[in-house]
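Coordinate inspection notes
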Amino acid sequence: MAGVNKVILIGNLGKDPEVRNLESGAKVANFPIATTEFFKGKDGQRQESTEWHNIVLWNQMAELAEKYLKKGNSVYIEGRIKTRSYEDKDGVKKYVTEIMGNQMTFLGGPRSDSGGSQDSGSAASQDPGVVEDPDDGDLPF
């Protein structure tokens, strides 16, 4: 039986996307998003917990992220989890967990203090849309 590796996130960008053009002609965008969960603690007080996720988008999706996404924007991302390792300059093995996005929907400007979304006036918030990675293959079942 095949496994399932699917992630769905709705969060806010922690910084503007960093976009690079590779020698192969491919374009890649990297940016962090924060997801925040609210809950009541043992003392009955409202608590919050924020998780940071490293997002990676390729080619057309990278171009759209570069054009429309800015720090604070809300975004919906679907993708898969990928962990990779590398050695730092001191030879210590490091691990990085990333979300390889294959679908993205622009949700608008930064979240306001009231918990809603406010329009930042950006093109992304004026023209929200769904973008799917055309290179993403069909499921094997």
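Thresholds applied
- Every chain begins its residue count from 1, and numbering advances along the sequence as written.
- Owing to the predicted nature of the model, reporting of local features is limited to residues with pLDDT of at least 70; listing and counting of side-chain atom pairs is limited to 80 or more, with chain, interface and lining totals taken over all residues.
- Derived side-chain values reflect all non-hydrogen atoms in the structure, with water molecules and hydrogen atoms excluded from consideration.
- What counts as a helix is a DSSP run of H or I of at least four residues, what counts as a strand is a run of E of at least two, and both are numbered from the N terminus.
- Classification of residues uses two cut-offs on accessible area relative to the type maximum, computed with a 1.4 Å probe and protein chains only: under 20% is buried, over 50% is exposed, and between them is partly exposed.
- Pairs of N or O atoms are called polar contacts if they sit within 3.5 Å, as long as, within protein, a hydrogen donor faces a hydrogen acceptor (for residues adjacent in sequence, only side-chain-to-side-chain pairs).
- Note on definitions: a residue-residue contact is assigned when non-hydrogen atoms from the two residues lie within 4.5 Å.
- Among the buried residues, those of types Ala, Val, Leu, Ile, Met, Phe, Trp, Tyr and Cys that are joined through side-chain atoms within 4.5 Å form a nonpolar core.
- Strand pairing is assigned whenever DSSP identifies at least 2 bridges connecting the two strands.
- The salt bridge definition used is simple: a Lys or Arg side-chain nitrogen within 4 Å of an Asp or Glu carboxyl oxygen.
- Between rings of Phe, Tyr and Trp, where Trp is taken as its six-membered ring, a pair exists when centres lie within 6.5 Å; planes separated by under 30 degrees are stacked, by over 60 edge-to-face, and by other angles tilted.
- Any Lys NZ or Arg CZ that is within 6 Å of a ring centre and within 35 degrees of that ring's normal is treated as a charge sitting over the ring.

Turning next to the side chain of His-53. When you line up the elements, His-53 lands in strand β4 (residues 46-58). Given a relative accessible area of 18%, His-53 falls into the buried group. Polar contacts involving the side chain of His-53 include one to the side chain of Thr-35, which spans 2.8 Å. Not counting the four nearest positions on each side in its chain, His-53 is found in contact with Leu-9, Phe-31, Pro-32, Ile-33, Thr-35 and Ile-99.

As a further point, take the nonpolar core. Formed by 19 residues in total, the largest nonpolar core has its most connected members in Phe-31, Ile-33, Ile-55, Leu-57, Leu-69, Ile-77 and Met-104. With 5 residues, the single largest contributor to this core is helix α1 (residues 59-68). Not counting residues within four places of it along the chain, the set of residues in contact with Phe-31 comprises Leu-13, Lys-15, Asp-16, Pro-17, His-53, Asn-54, Ile-55, Leu-57, Ala-65, Leu-69 and Ile-77.

One non-glycine residue with positive phi stands out, namely Asn-59, at about 50 degrees. Its place among the elements puts Asn-59 in helix α1.

On to the pairing of β4. Across 13 bridges, strand β3 (residues 27-40) lies against β4 in antiparallel orientation. Its bridge partner being in β4, Thr-35 is matched across the sheet by Glu-51. Linking β3 to β4, which pair antiparallel, is a turn of 5 residues; within it Gly-44 sits at a positive phi near 85 degrees. Inspection of the sheet shows β4 paired to strand β6 (residues 93-108) by 3 bridges, in the parallel sense. Each residue of the ladder has a partner; that of Asn-54, found in β6, is Glu-98.

This next bit is on the environment of Phe-38. Tracing the backbone shows Phe-38 in strand β3. In sequence terms Phe-38 and Glu-48 are 10 residues apart; their C-alpha atoms lie 4.4 Å from each other.

Turning our eyes to something else, we now look at the pattern of salt bridges. This model, assessed by the stated rule, comprises 5 salt bridges. The salt bridge involving Glu-78 is made with Lys-6; its shortest N-O contact spans 3.1 Å. Taken together, the residues Glu-78 in strand β5 (residues 74-87) and Lys-6 in the segment before β1 (7-13) connect sequence positions 72 residues apart. Classification of Lys-6 as exposed rests on a relative accessible area of 53%. Ionic pairing is found between Arg-84 and Glu-98, a salt bridge with its closest N-O pair at 3.0 Å. Of the two residues, Arg-84 is situated in strand β5 and Glu-98 in strand β6; the sequence distance between them amounts to 14 residues. Since its relative accessible area comes to 38%, Arg-84 is described here as partly exposed.

Summed over the entire model, instances satisfying the criterion amount to 1 aromatic pair. Taken together, a centroid distance of 5.5 Å and an interplanar angle of 50 degrees make the contact between Tyr-68 and Phe-106 tilted. Residue Tyr-68 is located in helix α1, and its partner Phe-106 is located in strand β6; the two are separated by 38 residues in the primary sequence. Across this residue pair, the class does not change: Tyr-68 and Phe-106 are buried. Here the basic side chain of Arg-46 rests over the ring of Phe-38, its NZ or CZ set 4.1 Å away from the ring centre.

Coordinates in, geometry out; function isn't part of it.
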